[in-house]
Amino acid sequence: MALQFYSLFKRRDKRQHCREKETKKAGSTRITRIPMDEDDGFEDAGTGTPLSAIAEAFEELSSCLKSNGYDDLRLKPFCDACSLVSVLFGCLGIAFKFAELEYVSKVRDLAEASEVFGSLNSILDYDVRSDTVRTPGSLSRNLRRVRQGLDLIRALFQNFLST
């Protein structure tokens, strides 16, 4: 699992990474800073890593929302961004297999609905009008489950970063 996570985090900070090396000479210790090799730290993998693709997709969604005045989010780009997140569930191992399967099926249902509904608000409006918000399998419930999956991944990564 650690190797899978390493490939997701394959980035290198723009600052010069260094490590300290001690050399001892006749009773004195000298510390020199040596630039780290590519293998020593995270390397900049550009846009080829799953995390960078996910980050770009959600930043694009954010910029679309800002340009629309936070009015409404288009369903198709939202589903495209959410579908990229499923790879993270796969990296979490067998314990999260059920969560991955459920998340993927809900995103797939929303992606199919994007052919009919243009935005997230239109899904919610439709389910409210037809009184199916609490009905299993409704689009608004699927949207809620996708949001919960995203929250789970966010909480896990925040925990990784804090430790």
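Anything mentioned here points back to the structure above.
The structure displayed is predicted, hence computed values, not measured ones.

Cut-offs used in this document
Residues numbered from 1 in each chain as written. Predicted model: local features only at pLDDT ≥ 70, side-chain atom pairs only at ≥ 80, totals over all residues. Heavy atoms only, no water. Helix = DSSP H or I, 4+ residues; strand = E, 2+ residues; numbered from the N terminus. Buried < 20%, exposed > 50% of the residue type's maximum accessible area, 1.4 Å probe, protein only. Areas by Shrake-Rupley, 256 points an atom, 1.4 Å probe, with all protein chains shown as cover. 1 Å grid on protein atoms, 1.4 Å probe; cavity = no way out; pocket = protein on both sides within 12 Å on 5 of 7 lines; lining within 4 Å. Points joined across faces, edges and corners; volume = space filled by probe spheres on them. Nonpolar A, V, L, I, M, F, W, Y, C, P; charged D, E, K, R; others polar. Axes fitted to C-alpha atoms, helices over the stretch in contact; angles between N-to-C directions. Parallel < 35°, antiparallel > 145°, perpendicular 65-115°, else oblique. Left-handed = near helix turned anticlockwise from the far one by under 90°. Contact = heavy atoms within 4.5 Å. Phe/Tyr/Trp six-rings, centres within 6.5 Å; stacked < 30°, edge-to-face > 60°. Expected span 1.5 Å × (residues − 1).

K.L.:
Mind showing me how you'd approach the overall build of the protein chain here?
P.N.:
Across its full length, the protein chain holds six helices and two strands. Each helix and strand of the protein chain, placed in order from N terminus to C terminus, yields the pattern α-β-β-α-α-α-α-α. Counting every position in the protein chain, which comprises 163 residues, the buried fraction comes to 28%. Here the protein chain displays about 11000 Å² of accessible surface, and carbon together with sulfur accounts for 54% of that area.

K.L.:
What's the story with the layout of surface pockets in this structure? I'm lost.
P.N.:
Unoccupied space between atoms shows up once a probe the size of one water molecule is rolled over them. One number sums up the size of the second largest pocket: a volume of about 170 Å³. A breakdown of the residues in the lining of the second largest pocket according to their chemical character gives five nonpolar, one polar and three charged.

K.L.:
What exactly am I supposed to notice about unusual backbone geometry here?
P.N.:
Peptide bonds are, in most cases, trans, and in most cases residues other than glycine have a negative phi. Even without glycine at this site, Asp131 takes up a positive phi of about 55°. Overall, Asp131 belongs to the exposed group, its relative accessible area being 67%.

K.L.:
In this structure, what is going on with the environment of Val146? I would like to understand it.
P.N.:
Turning to its location among the elements, Val146 is positioned in helix 6 (residues 139-162). Along the backbone, Val146 and Tyr103 are 43 residues apart, and their C-alpha atoms lie at a distance of 5.9 Å.

K.L.:
What am I meant to see in the packing of helix 2 (residues 50-67) against helix 3 (residues 75-91) here?
P.N.:
Geometrically, a packed helix pair is captured by the angle between its two axes and the distance between the axes. One way to put it is that helix 2 packs onto helix 3 with a least axis distance of 9 Å and a crossing angle of 155°. Between helix 2 and helix 3, the angle is such that the two are roughly antiparallel. Every pair of crossing elements has a handedness; the one defined by helix 2 and helix 3 is left-handed. When helix 2 is examined against helix 3, the residues Pro50, Leu51, Ala53, Ile54, Ala57, Phe58 and Leu61 are found in contact with a partner set consisting of Pro77, Phe78, Ala81, Cys82, Leu84, Val85, Val87 and Leu88. For the contact of helix 2 with helix 3, the residue count by class is 15 nonpolar, no polar and no charged.

K.L.:
What should I look at first to understand the packing of aromatic side chains in this one?
P.N.:
Any two aromatic rings considered together are summarised by their centre-to-centre distance and by the angle between their planes. Scanning all chains against the criterion turns up three aromatic pairs. With 5.0 Å between their ring centres and 40° between their planes, Phe89 and Tyr103 make a pair best called tilted. Taken together, the residues span a long stretch of sequence, with Phe89 in helix 3 and Tyr103 in helix 4 (residues 97-113) at a distance of 14 residues. Neither Phe89 nor Tyr103 differs from the other in exposure class; each is buried. Centroid distance Phe117 to Tyr126: 5.2 Å. Interplanar angle 55°. Geometry classified as tilted.

K.L.:
Mind showing me how you'd approach the side chain of Lys106 here?
P.N.:
Residue position: Lys106 is located in helix 4. Those residues within four positions of Lys106 in sequence are excluded, and the remaining contacts are Asn142, Arg145 and Val146.

K.L.:
Looking at this model, I keep getting lost on helix 3. Mind explaining?
P.N.:
An α-helical turn contains 3.6 residues, so a residue and the one three or four places further along point in the same direction. Looking only at helix 3, the buried set comprises Leu75, Phe78, Cys79, Ala81, Cys82, Val85, Ser86, Leu88, Phe89 and Cys91. Just downstream of helix 3, Gly93 is the residue with a positive phi angle, here 95°.

K.L.:
Teacher, can you tell me more about helix 2 here?
P.N.:
The end-to-end C-alpha distance of helix 2, which contains 18 residues, comes to 26 Å, matching closely the 26 Å that a straight helix rising 1.5 Å per residue would cover. Restricting attention to buried positions, one finds in helix 2 the residues Leu51, Ser52, Ile54, Ala57 and Leu61. Where helix 2 terminates, the next one or two residues include Gly69, which has phi positive at roughly 70°.

K.L.:
Explanation requested: the packing of helix 5 (residues 120-129) against helix 6 in the structure shown.
P.N.:
Taken N-terminus to C-terminus, the directions of helix 5 and helix 6 make an angle of 135°; their axes are 8 Å apart at the nearest point. When the axes of helix 5 and helix 6 are compared, the pair comes out oblique. Within the contact between the two elements, helix 5 uses Leu120, Ile123, Leu124 and Asp127 and helix 6 uses Leu139, Ser140 and Leu143. Looking at the contact of helix 5 with helix 6 residue by residue, the class counts come to five nonpolar, one polar and one charged.

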